[in-house]
Each structure stands twice: as structure tokens, then as C-alpha cells.
Amino acid sequence: PKKVFGVRWNPFDKKQFATCCEDGVLRIFNSDNTSPIRVGKGHTAKIFTCAWNPVIPNVIATSSDDCNVIVWDFSKADTD
């Protein structure tokens, strides 16, 4: 398993949280399940932080050691 550097709760869904991981993958979980419900692959290095959009549901931003910021919109098709 890879290290998790950050966890953020979804402000619109109190059962849902995102993890920012060493493997560069964003994972969205429901608190009642151990498997991710959504996975965001796009970074090539560690993700240190993420932030849910406080106004638009299902939108989250990540920043990484690859010097990129990605804005994910999970209201659309899977981002795997």
C-alpha cells in the first residue's frame, strides 16, 4: 500500500471523502465501504493535497509533485 498524504470530507455528502496518495492517484470513498467508488488517475507523482469545491458538487482539485493541478469533475463519466 502507498502512503496517504491527505484526506478531505465532501462538503455535500458527509459519508464521502477523498484521499491524496503517494502513487499519484485520487480516490473517493464512502465511509461505509473499503473500496473506492471513484478513482482519478492523471498525476505522475505524489498528490499532497486536495480540496472539494465548496459551491459545485462533485468537483475536487488536486496538486502534485509533478507540478500540476488537476480539477476533477466526478459528475461526468469515470476518470480512470
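Keep in mind that what you see is a predicted model, and the values were worked out from it rather than measured.

**Some words on the packing of aromatic side chains**
Here a ring pair, both rings aromatic, is described through the centre-centre distance and the interplanar angle of the planes.
Then comes step 1: Inspection of every chain in the model, using the stated rule, returns four aromatic pairs.
Then comes step 2: Between F17 and F29, the ring centres sit 5.4 Å apart and the planes meet at 15°, which makes this aromatic pair stacked. Here the residue F17 occupies a position in strand 2 (residues 16-21), and F29 occupies one in strand 3 (residues 25-30), the gap between them amounting to twelve residues. F29 carries the same exposure label as F17, and that label is buried.
Then comes step 3: Site record: aromatic cluster; members linked through ring pairs are W9, F17 and F29.

**With respect to the side chain of D66**
Then comes step 1: Following the sequence through the fold, D66 ends up in the loop between strand 6 (59-64) and strand 7 (69-73).
Then comes step 2: At 2.9 Å, the side chain of D66 and the backbone nitrogen of T44 are in polar contact.
Then comes step 3: Sequence-distant contacts of D66, that is, excluding residues within four places in its chain, are made with G42, H43, T44 and A45.

**Let's talk about the environment of P11**
Then comes step 1: Inspection of the secondary structure puts P11 in the loop between strand 1 (4-9) and strand 2.
Then comes step 2: For the pair P11 and W52, spaced 41 residues apart in sequence, the C-alpha to C-alpha distance is 7.3 Å.
Then comes step 3: Setting aside residues no more than four positions away along its own chain, P11 makes contact with W52 and N53.

**Focus: the nonpolar core**
Then comes step 1: Counting eleven residues, the largest nonpolar core is built from A18, C20, L26, I28, I47, C50, W52, I60, I70, W72 and F74.
Then comes step 2: If one sorts the elements of this core by residue count, strand 5 (residues 47-52) sits on top with three residues.
Then comes step 3: Ignoring anything within four residues of it in the chain, the contact list for I70 reads G42, H43, I60, A61 and T62.

**Here we look at the pairing of strand 6**
Then comes step 1: Bridge analysis of strand 5 against strand 6 gives five bridges, and the strand direction is antiparallel. Along strand 6, the bridge assignment pairs W52 with I60.
Then comes step 2: Here strand 5 folds back onto strand 6, and the loop between the two strands holds six residues, one of which, N58, carries a positive phi near 70°.
Then comes step 3: Across five bridges, strand 6 lies against strand 7 in antiparallel orientation. By the bridge assignment for strand 7, I60 is matched with W72.
Then comes step 4: The turn linking strand 6 back onto strand 7 is made up of four residues, and C67 within it adopts a positive phi angle of 70°.

**Focus: the environment of T44**
Then comes step 1: On the secondary structure map, T44 appears in the loop between strand 4 (38-41) and strand 5.
Then comes step 2: When the C-alpha atoms of T44 and V25 are compared, they prove to be 8.7 Å apart, with 19 residues separating the residues in sequence.

What counts and what doesn't
Residues numbered from 1 in each chain as written. Predicted model: local features only at pLDDT ≥ 70, side-chain atom pairs only at ≥ 80, totals over all residues. Heavy atoms only, no water. Phe/Tyr/Trp six-rings, centres within 6.5 Å; stacked < 30°, edge-to-face > 60°. Helix = DSSP H or I, 4+ residues; strand = E, 2+ residues; numbered from the N terminus. Buried < 20%, exposed > 50% of the residue type's maximum accessible area, 1.4 Å probe, protein only. Polar contact = N/O pair within 3.5 Å; in protein donor to acceptor, adjacent residues only side chain to side chain. Contact = heavy atoms within 4.5 Å. Core = buried A, V, L, I, M, F, W, Y, C linked by side-chain atoms within 4.5 Å. Pairing = 2+ DSSP bridges.

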